[in-house]
Amino acid sequence: MSQRHPPDDDDDDTNAFRQALREAGVRRLAVNRADPGRPRRRDPATAERRAAAVAAETSDGTSRTSDGRVAPVRPSEFLDFALPDLPYRTRSQLKRGQIEWEAGLDLHGYSLDEARLEFESFLKEAVGSRMRCVLVVHGKAWGSTADYPVLKSHVNAWLREWPTVLAFCSAREIDGGTGAVYVLLRRRGQPL
């Protein structure tokens, strides 16, 4: 995570850039939200359309995960991913297993296609139930036709594609170690 440092006053390029902005009439934004110039409508028809769109998003039959080739990972490799703007403290808590997981999915014994369907269904249900953290056990076994852990590699790819995943990392040993991941989910309507 990068920290913002004030630029040096000696930096001629920065000063010239700021001067050019001032001369052009550019000013700093006070609010980080668009103002459409009119108040939001609160009529029932709009609320119904919004609810229908949300329901369609969670119940559509299309897959959100790829079924193509994925980058193979080693059986003992520690998986780690987080959106760039996730707070460092939250990411650290996830890595240490300090965010309690509320539900788990064990993919042992599933074919790749079955695992994908179970995975998608599980995450949709977890988000619909407003869960914050879940555990996905993918195992570390090598595939029968591949020389790498197929489910682990695909779960690693699928989680990076899933729109409500804020972060994931390999679990602590007690929860499955590098054969499982903690998944931090964005609750609907909730900022990071």
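Reading the values: rules and limits
Residues numbered from 1 in each chain as written. Predicted model: local features only at pLDDT ≥ 70, side-chain atom pairs only at ≥ 80, totals over all residues. Heavy atoms only, no water. Core = buried A, V, L, I, M, F, W, Y, C linked by side-chain atoms within 4.5 Å. Buried < 20%, exposed > 50% of the residue type's maximum accessible area, 1.4 Å probe, protein only. Helix = DSSP H or I, 4+ residues; strand = E, 2+ residues; numbered from the N terminus. Contact = heavy atoms within 4.5 Å. Phe/Tyr/Trp six-rings, centres within 6.5 Å; stacked < 30°, edge-to-face > 60°.

For the protein chain, an unreviewed UniProt entry supplies the name DNA mismatch repair protein MutS and the organism Halomonas sulfidivorans.

I would appreciate a short explanation of the nonpolar core in the present structure.
Considering soluble globular proteins, one finds that nonpolar side chains tend to be buried as a cluster. Membership of the largest hydrophobic core comes to 25 residues, with the highest contact counts inside it found for L123, V134, L159, F168, V181, V183 and L185. Looking at this core, the elements that each hand over two or more residues are α4 (112–128), β3 (133–137), α5 (150–161), β4 (165–170) and β5 (180–185). The greatest single-element share of this core, amounting to six residues, is contributed by α4. What F168 contacts, discounting residues up to four positions off in sequence, is L79, D80, F81, L94, N156, L159, R160, V181, Y182 and V183.

Would you explain the environment of R172 in this entry?
With respect to the element layout, R172 can be found in the loop between β4 and β5. Exposure remark for R172: the relative accessible area of 38% places this residue in the partly exposed category. For the pair R172 and K95, spaced 77 residues apart in the sequence, the C-alpha separation amounts to 7.9 Å.

Where do I start with the environment of R187 in this structure?
By the secondary structure assignment, R187 is in the segment after β5. Residue classification places R187 among the partly exposed residues on the basis of a relative accessible area of 23%. Each C-alpha atom of the pair R187 and V127 lies 6.3 Å from the other, and the pair is 60 residues apart in sequence. When near neighbours in sequence (up to four residues on either side) are disregarded, R187 contacts E102, R130, M131 and R132.

Hey, could you run me through helix α3 (residues 88–95) in this one?
Every α-helical turn comprises 3.6 residues, leaving residues that sit three or four positions apart pointing alike. Along α3, the residues that are buried comprise T90, S92 and L94. Those residues of α3 that are buried lie in contact with β3, β4 and β5. Immediately beyond the C-terminal end of α3, within one or two residues, lies G97, with a positive phi of roughly 75°.

Help me understand the packing of aromatic side chains, please; the structure alone is not making it clear to me.
For any pair of aromatic rings, the description consists of the separation of the ring centres together with the inter-plane angle of the planes. Following the criterion strictly, the structure yields three aromatic pairs and no others. On the numbers, 5.3 Å between centres and 45° between planes, the contact of F119 with W158 is tilted. Placement of F119 in helix α4 and of W158 in helix α5 is noted, with a sequence separation of 39 residues between them. Residue classification places F119 among the buried residues on the basis of a relative accessible area of 0%. Ring plane angle 80° and centroid distance 5.9 Å describe the contact between F119 and W162, whose orientation is recorded as edge-to-face. Within this pair, whereas F119 is found in helix α4, its partner W162 is found in the loop between α5 and β4, the two being separated by 43 residues in sequence.

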